[in-house]
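# Observations on the three-dimensional arrangement
For reference, the chains in residue letters:
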Amino acid sequence: MRIGFFNNIGYTLLTFITTYIIGHLVYGLISGGSKSSTKSEFVKNAIGTVTIIVLYSTFKTKLITINIGFFLLFLLYWWHNRPKLNTQFKIDGKIVLVQLLILTILYTFLYLLLFGIKERPYIWLMIDHTLYATYIDKLNAIGVEGKESDLFFKEPVRNIYHFGELWYTAFFSWIYKHNTLQVLYFSVFPSFLTTIFVGGKALTEYYFKKNKSYQWIAPFSIIILSGIVFYFPKSVEFFSLSWGNDTILSCIKYSPLTILFIAAFFYIIDKNFYNAILIMLACTLINSATSPAVFIGLTVFICVLFCLKDIKIKDTLLAFIPILLIGLFIASYAILIGVLNKKNLSFDNSYEANFSLTDKLTDLLYYKTFFNCMIGTLIKFFKRPSFWGTSVIRREKMGYGK
């Protein structure tokens, strides 16, 4: 069935405008009402996206959501930055119109991928997208953060998953009362890509100040290439089963992570490493599958900064506090939903008791995993000869020990 071009474009524009307004209000409260720039426009879109995810999921699940961790991150941000509340809300109409034009171009591009010269919705749309649509419908219908139902449970099994983009889509699907898959692909996806494009343009403006044309062309590479992952034809036997085609453009679940990566990179450029760490920790809540990689990566990142004398010992210890708190939060949340899942078992208590020891051991694995990611990485890092060599070289260059 062919879907008309204009069937969803109204929803797409409304999705982006709603996100922008919410982000603009929150940004205006804590930023001091600074002058509009490409970077500030990106931050507004990113804040609006996260705000919708957190507030709607908290409301719908009655606080039983992994996104509660964002309140902890916000408290850490507030404690470290002490932002002053501001009441000036100025919108630059020209910048907004440019973003809406980019949104329309990306919407048209995604539409043509499905209904171009030849209709191929079942070729381009990954099976994952249809599964996401069913998960989103369940989020709206039941308010339980879980992927699927189970024969032995009275309600859907609670899971840790990449619920970020699913909650974002669920909010607009609930508002529009429209086909969920169409909202996901035609409204949410273009909005994410537009935010990524704006963030990419802000980065190219920083690195290529004189090349104006490159500032508009380069951001598309972020969407197409997805970092270091390039496109390989599936017709080539060697790549037919690979993840080589899993770019932002082919899989929507990478979009919120890319937005957060760009935001964190801006803080790294400004040498505001604490805020960059908070942003990267947000990835573990938006997409919990990234948790081990984020914890290990941040631990190494902090150690390298310390070795290069970019941060002092006090700042180093301070940087580990949010990692420790979020790691313990995720492990504790995983245990909580495990307890709730056991309560919803259809078995009687005597049958359930046979698994009590196994469940307790499984619960401990969450903490063990976090310990390995953070403490284990620290031990391995400082045991490496390269650490001591880097530290000595850096100290000699800075004139220490003479």
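This is a predicted model, so every value here is computed, not measured. (Residues numbered from 1 in each chain as written. Predicted model: local features only at pLDDT ≥ 70, side-chain atom pairs only at ≥ 80, totals over all residues. Heavy atoms only, no water.)

### Examining a nonpolar patch on the surface
Applicable threshold: The patches described consist of residues with a relative accessible area above 30% and no salt bridge, like charges being joined within 9 Å and nonpolar side chains (Val, Leu, Ile, Met, Phe, Trp, Tyr) within 5 Å. All accessibility values rest on the Shrake-Rupley procedure with a 1.4 Å probe; residue burial counts only the protein chains present in the view. We define a salt bridge as a side-chain nitrogen of Lys or Arg found within 4 Å of a carboxyl oxygen belonging to Asp or Glu. Helix numbers and strand numbers start at the N terminus; a helix is a DSSP run of H or I with at least 4 residues, a strand a run of E with at least 2. Throughout this description, buried means an accessible area under 20% of the type-specific maximum (1.4 Å probe, protein chains only), exposed means over 50%, and partly exposed covers the range between.
On the surface, Tyr 206, Tyr 207, Phe 208, Tyr 214, Phe 265 and Ile 268 cluster together to form a nonpolar patch covering roughly 560 Å² of accessible area. Considering the arrangement of structural elements, one finds Tyr 206 in helix 8 (residues 180-207). What makes Tyr 206 partly exposed here is its relative accessible area of 40%.

### Structural notes on the packing of aromatic side chains
Just so we agree on the cut-off: Ring pairs shown here join Phe, Tyr and Trp side chains whose ring centres sit within 6.5 Å, with only the six-membered ring taken for Trp; geometry is labelled stacked below 30 degrees between planes, edge-to-face above 60, and tilted in between.
Counted according to the given criterion, the structure contains 25 aromatic pairs. Residues Phe 5 and Tyr 107 carry aromatic rings whose centres are separated by 5.2 Å and whose planes lie at 70 degrees to one another, so their mutual orientation is edge-to-face. You can see Phe 5 sitting in the segment before helix 1 (6-31) and its partner Tyr 107 sitting in helix 4 (residues 93-115), a full 102 residues away along the chain. Overall, the relative accessible area of 23% leaves Phe 5 in the partly exposed class. With centroids separated by 6.3 Å and ring planes inclined at 20 degrees, the aromatic side chains of Phe 329 and Tyr 333 adopt a geometry described as stacked. Here the residue Phe 329 and the residue Tyr 333 both occupy positions in helix 14 (residues 313-343), the gap between them amounting to four residues, near one helical turn. The pair formed by Phe 329 and Tyr 333 is uniform in burial state, with each residue classed as buried.

### Quick notes on the environment of Ile 136
Operational definition: Residue contacts are defined here by distance: any two heavy atoms, one from each residue, within 4.5 Å place the two residues in contact.
By the element assignment, Ile 136 lies in helix 6 (residues 127-142). Judged by its relative accessible area of 0%, Ile 136 is buried. As a C-alpha pair, Ile 136 and Lys 147 span eleven residues in sequence and 8.8 Å in three-dimensional space. Apart from residues no more than four positions distant in its own chain, Ile 136 is found in contact with Leu 166, Thr 169, Ala 170, Thr 180 and Leu 184.

### As for the environment of Val 294
Structurally, Val 294 can be placed in helix 13 (residues 291-307). Measuring from C-alpha to C-alpha, the distance between Val 294 and Cys 283 comes to 7.8 Å, with eleven residues separating the pair along the chain. Setting aside residues up to four positions removed in sequence, Val 294 forms contacts with Met 280, Leu 281, Cys 283 and Thr 284.

### Thoughts on the pattern of salt bridges
Taken as a whole and judged by the stated rule, the model has three salt bridges. Salt-bridge contacts for Lys 39 lead to Asp 270; the nearest nitrogen and oxygen are separated by 3.0 Å. Here Lys 39, found in helix 2 (residues 38-61), pairs with Asp 270, found in the loop between helix 11 (254-269) and helix 12 (273-286); they are 231 residues apart in sequence, far enough to count as distant. Here Glu 205 makes a salt bridge to Lys 201, at a shortest N to O gap of 2.4 Å. Note that Glu 205 and Lys 201 are positioned in helix 8 at a spacing of four residues, about one turn of the helix.

### Things to note about the confidence of the model for the protein
Any segment with low pLDDT has predicted coordinates that should not be analysed in fine detail. Our working rule: pLDDT measures the predictor's confidence residue by residue and takes values from 0 up to 100.
Mean pLDDT over the protein works out to 80, with 73% of the residues at or above the 70 mark. Predicted confidence for residues 349-358 stays below pLDDT 50, and this span has two contacts to residues more than four positions away or in other chains. Counting contacts from residues 387-402, a segment whose pLDDT is below 50, to residues more than four positions away or on other chains yields 15 contacts.

### Structural notes on the nonpolar core
In a soluble, globular protein the nonpolar side chains are often hidden away together inside. Put simply, the rule reads: Residues belong to a common nonpolar core when they are buried Ala, Val, Leu, Ile, Met, Phe, Trp, Tyr or Cys residues joined through side-chain atoms within 4.5 Å.
One finds Leu 73, Tyr 132, Leu 166, Phe 186, Leu 193, Leu 281 and Ile 323 to be the most contacted residues of the largest nonpolar core, which totals 85 residues. Residue contacts for Leu 73: discarding those within four places in its chain leaves Leu 278, Leu 281, Ala 282, Leu 285 and Ile 326. Of all hydrophobic cores here, the second largest spans five residues; its members include Phe 16, Val 96, Leu 100 and Leu 103.

### Examining the packing of helix 2 against helix 7 (residues 164-176)
How we decide: Lines are fitted to the C-alpha atoms to define the axes, a helix being fitted only along its stretch in contact, and any angle between axes, read from their N-to-C directions, falls within 0 to 180 degrees. Each angle is binned into one of four classes, with values under 35 degrees roughly parallel, values over 145 roughly antiparallel, values of 65 to 115 roughly perpendicular, and all other values oblique. Each residue receives one of three labels: charged for Asp, Glu, Lys and Arg, nonpolar for Ala, Val, Leu, Ile, Met, Phe, Trp, Tyr, Cys and Pro, and polar for the others, Gly being one of them.
For the pair helix 2 and helix 7, the least separation of the axes is 9 Å and the interaxial angle reads 75 degrees. Taken together, the axes of helix 2 and helix 7 are roughly perpendicular relative to one another. Contact residues: helix 2 offers Thr 49, Ile 52, Ile 53, Tyr 56, Ser 57, Lys 60 and Thr 61, while helix 7 offers Gly 164, Trp 167, Tyr 168, Ala 170, Phe 171, Phe 172 and Trp 174. Grouping the amino acids of the contact of helix 2 with helix 7 by side-chain chemistry returns nine nonpolar, four polar and one charged.

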